[in-house]
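Chain and residue survey
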Amino acid sequence: MDQIAPPFPEEYDIEVCPLEGTVEARHGDIVLASSSAARVMYETRLPPAVYFPRGDVTVDLQEAPEHRTFCPFKGTATYWDLEVAGETIVNGAWSYQKALPEAEDIEGYIGFMPSALTSLECKGPKIAPREDGNISGPLIDWLMRGAWQCGSPEELTRALGQRLNAQGVVVSRIGILIWSLHPLIVGKNYTWERATGEVVSRTPSYDLLENPVYTNSPFRHVANGLGGVRQNLTVEDAEFKFPIIDELRAEGATDYVAMPLPFSDGRYNVMTLACDHPAGFTTANLGLVFECATVISRFYEVFTLKENASALLGTYLGKRTGARVLGGEIRRGDGDEIDAAVLMCDLRHSSKWEGELERPVYLDLLNRFFELTTDIVNAHDGEVLKLIGDAILAIFPAGGDASTACCQAVASAREIAETIGDVPIAETGQVADCAIGVAFGNVTYGNVGSGERLDFTVIGSAANIAARLGDLGKQLGHQVVTTREVAAATPDGLVSVGAYELRNVTGKTEAFAPTGGEGEPSGAGAG
């Protein structure tokens, strides 16, 4: 028979009970302790813990003074190493030498860690676990103790649906709309359905704001600060004429509510709930949800802040670099020395166009140039690290494979040179042109700057040489110019165009450029 465990309390609780009969703790075949005066502690949501009088422990205990833990209910735990058959089990046992009042019945008693305790034998009644329960109801208990463990908004949404139903709030569908801080994505939309148990995620663009799917929806109504929406779906004469109401009614929903999820910055995000219980939501159901809405909102806000930070860093620094900064490389000097191919691409005649074109037209030209070059670099596994005026600085980390990095950089350069003519210069009848330099070498990839204003960049001769080769290409009439090392790593199509003195570069640098149809260097015109 099992020992009778105390019922689950209505509040957080600790209770210590004596155990009848002899209880033995074992590590394999070795008896660690044997006692007829053992005690079991029941603590809210924790498995029962058995404690033995110190005098009934049958193995050597060596105090581990460097290890202590603190419990706000029981006090400071002292740990012991166990000597068992020539084996030392580090921190294998613990004891509260000066227990707090709530735990005074186990003061000085010894408990064994799972690393030491492989079996527990009770000669009297078996130890019964306390029935599981909650203090404040499934939803609030989860929000207080478990929601923080959700690793994604999708997991949070799925768990929210499950917990609401466990609480008795019959929810058949949940919709969440969270606004983003992203240049391309207006927000994130998560939809959970009880029938499938799955969450569908969507990332609509800014076109959504003009789409009837949004403009004639509860999402827009709530997001604009017009308050919540409640609609009984069992009546035809609906107060609100949103298309989603008819869709949900056709799926068997009986009640619908949309409510704000306010963020700390004042924005209104939106949560919608659909119910398929014949009687719809009760006042107690919705009251519970409304009471918890601001707490639920904070969990989504944490995810959103992290996603926004990642999106902004990726937008302004690039995905690789943004991930490194978000990962903690935020101090001056943080970074690595890496081997990389460095590409510098400059929009030619930019000063001329800036002077002749209207500012909006010129900015459109720059944006088209940056979009074309960035897309090509990304497609070849590189990263645009910086936009410098009318130029881009891109890197292709070698990661132990210098040849591949050089080939990726040259392939990017050649594709940019081949497609730059697709960018028209407004109504002039002319098209854009560029000058590209590519070099390879060891660079410092990390933070430089002042204590409070940093720049994550690459520092090294390869970056300087790439910029100078781009300038040389303008003089020689070549769109793409590389170093000998880069040319040697490229399978074909690069030939020497001579050795030149480059500004701030020691000695002469032999330059290479793609060949034309007859094997001669191809020119883009002197510039």
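Below is a short write-up of the structure. Just so it is clear, the model here is predicted, and its values are computed rather than measured. (Residues numbered from 1 in each chain as written. Predicted model: local features only at pLDDT ≥ 70, side-chain atom pairs only at ≥ 80, totals over all residues. Heavy atoms only, no water.)

A short note on the pattern of salt bridges
Here the structure, examined in full by the defined rule, presents 16 salt bridges. The salt bridge involving E43 is made with K74; its shortest N-O contact spans 2.7 Å. On the criterion of sequence distance, the pair formed by E43 in strand β4 (residues 39-43) and K74 in the loop between β6 (60-71) and β7 (75-84) is long-range, its members being 31 residues apart. Here K188 makes a salt bridge to E307, at a shortest N to O gap of 3.1 Å. With a gap of 119 residues between them, K188 in strand β12 (residues 187-193) and E307 in helix α6 (residues 283-317) connect regions that are remote in the sequence. Look at K188 and you get buried, because its relative accessible area is 18%. For E307, a relative accessible area of 29% puts it in the partly exposed group. (Salt bridge = Lys/Arg side-chain N within 4 Å of Asp/Glu carboxyl O. Helix = DSSP H or I, 4+ residues; strand = E, 2+ residues; numbered from the N terminus. Buried < 20%, exposed > 50% of the residue type's maximum accessible area, 1.4 Å probe, protein only.)

As for the nonpolar core
Grouped together as the largest cluster of nonpolar side chains are 40 residues, with contacts concentrated most on L343, C345, L365, F396, I416 and I436. Secondary structure elements with two or more residues in this core: β17 (335-347), α9 (359-379), β19 (391-397), α10 (402-419), β20 (434-449) and α12 (484-489). Ignoring sequence-local partners within four residues, the contact set of C345 consists of F369, T373, D390, A391, I392, I416, C434, A435 and I436. Counting 34 residues, the second-largest nonpolar core is a separate cluster that includes A159, L164, M259 and I296. (Core = buried A, V, L, I, M, F, W, Y, C linked by side-chain atoms within 4.5 Å. Contact = heavy atoms within 4.5 Å.)

Brief notes about the sheet that holds strand β5 (residues 49-51)
The strand order across the open sheet formed by three strands is β1-β4-β5, and the pairing between neighbours is antiparallel. The open sheet is flanked by β1 (14-18) and β5, the only strands paired with a single partner. Adjacent strand axes in the sheet meet at a mean angle of 25°, parallel and antiparallel pairs treated alike. Pairing of β4 with β5 involves three bridges; the strand directions are antiparallel. Note that in β5 the partner of V40 across the bridge is V50. (Pairing = 2+ DSSP bridges. Axes fitted to C-alpha atoms, helices over the stretch in contact; angles between N-to-C directions.)

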